Amino acid sequence: MSETISTLRQRLRTGQSPATGVPMPVRRQAMLHTESMLTRLLRRPAAWVRRHERFACCIVAVLDIVDKDVPVDGLVTEISQGGLLFRPATRFIFDRRGSSVLVRFGDEEWAGSIVNVKATGYGVRLDNEVQPEQIQALLDRFGFADDEALG
């Protein structure tokens, strides 16, 4: 291969085959001008929209991991009709994705499963959606005003 890299790159830019110098089919040219495979793999989805609005709150709760029969004390820090964010009172957050749980607070008990584990707690998807009136009653008792949640 006697040609330099710059000559090969120039041929690719102009739509010529690097090996023969003849024009490439249009489909092949289009593939050359797309993103790299690594870029496509690491790209985040363009837009992901939550199904339900989340609300900041502070509710003392217990998360029971059903299969282990282990109660975990903590706080519900976000709540929506379809789920909640449970922050354990311990430092350790174990990856329990997929585990069935019961979240108990006050006289309420909601069943769900852990779908997300991050430093801020366990993301729980509820088995049954909660009615907006129930959410509003909880927010009236335990919720934050919008400016309080930010600071």
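The model shown is predicted, which means the values in this text are computed figures rather than measured ones.

(A) Region of the structure containing the pattern of salt bridges. Per the counting criterion, the structure on display carries 4 salt bridges. Between Asp-64 and Arg-104 there is a salt bridge, and its shortest N-O distance comes to 2.8 Å. Of the two residues, Asp-64 sits in strand β1 (residues 55-65) while Arg-104 sits in strand β4 (residues 100-105), which places them 40 residues apart along the sequence. For Arg-96, the salt bridge identified is with Asp-67, shortest N-O distance 3.3 Å. Here the residue Arg-96 occupies a position in the loop between β3 (83-88) and β4, and Asp-67 occupies one in the loop between β1 and β2 (70-79), the gap between them amounting to 29 residues.

(B) Region of the structure containing the pairing of β1. Examined bridge by bridge, β1 and β2 share 9 bridges and lie antiparallel to one another. Residue pairing for β2: Ala-56 is matched across the bridge by Glu-78. Taking the residues between adjacent antiparallel strands as the criterion, β1 and β2 are bridged by 4 residues, where Asp-69 takes a positive phi near 55°. Note that β1 and β4 share 4 bridges and pair antiparallel. Looking at the pairing, Leu-63 lines up with Val-103 of β4.

(C) Region of interest: the side chain of Asp-64. The class of Asp-64 is buried, set by a relative accessible area of 15%. Within the local environment of Asp-64, its side chain forms a polar contact with the side chain of Arg-104, the two groups lying 2.8 Å apart. Beyond its immediate stretch of four places on either side in the chain, Asp-64 contacts Val-70, Pro-71, Ser-100, Val-101, Leu-102 and Arg-104.

Basis of the calculations
- Residues numbered from 1 in each chain as written.
- Predicted model: local features only at pLDDT ≥ 70, side-chain atom pairs only at ≥ 80, totals over all residues.
- Heavy atoms only, no water.
- Salt bridge = Lys/Arg side-chain N within 4 Å of Asp/Glu carboxyl O.
- Helix = DSSP H or I, 4+ residues; strand = E, 2+ residues; numbered from the N terminus.
- Pairing = 2+ DSSP bridges.
- Buried < 20%, exposed > 50% of the residue type's maximum accessible area, 1.4 Å probe, protein only.
- Polar contact = N/O pair within 3.5 Å; in protein donor to acceptor, adjacent residues only side chain to side chain.
- Contact = heavy atoms within 4.5 Å.

As far as function goes, none of this settles anything; it's purely spatial.
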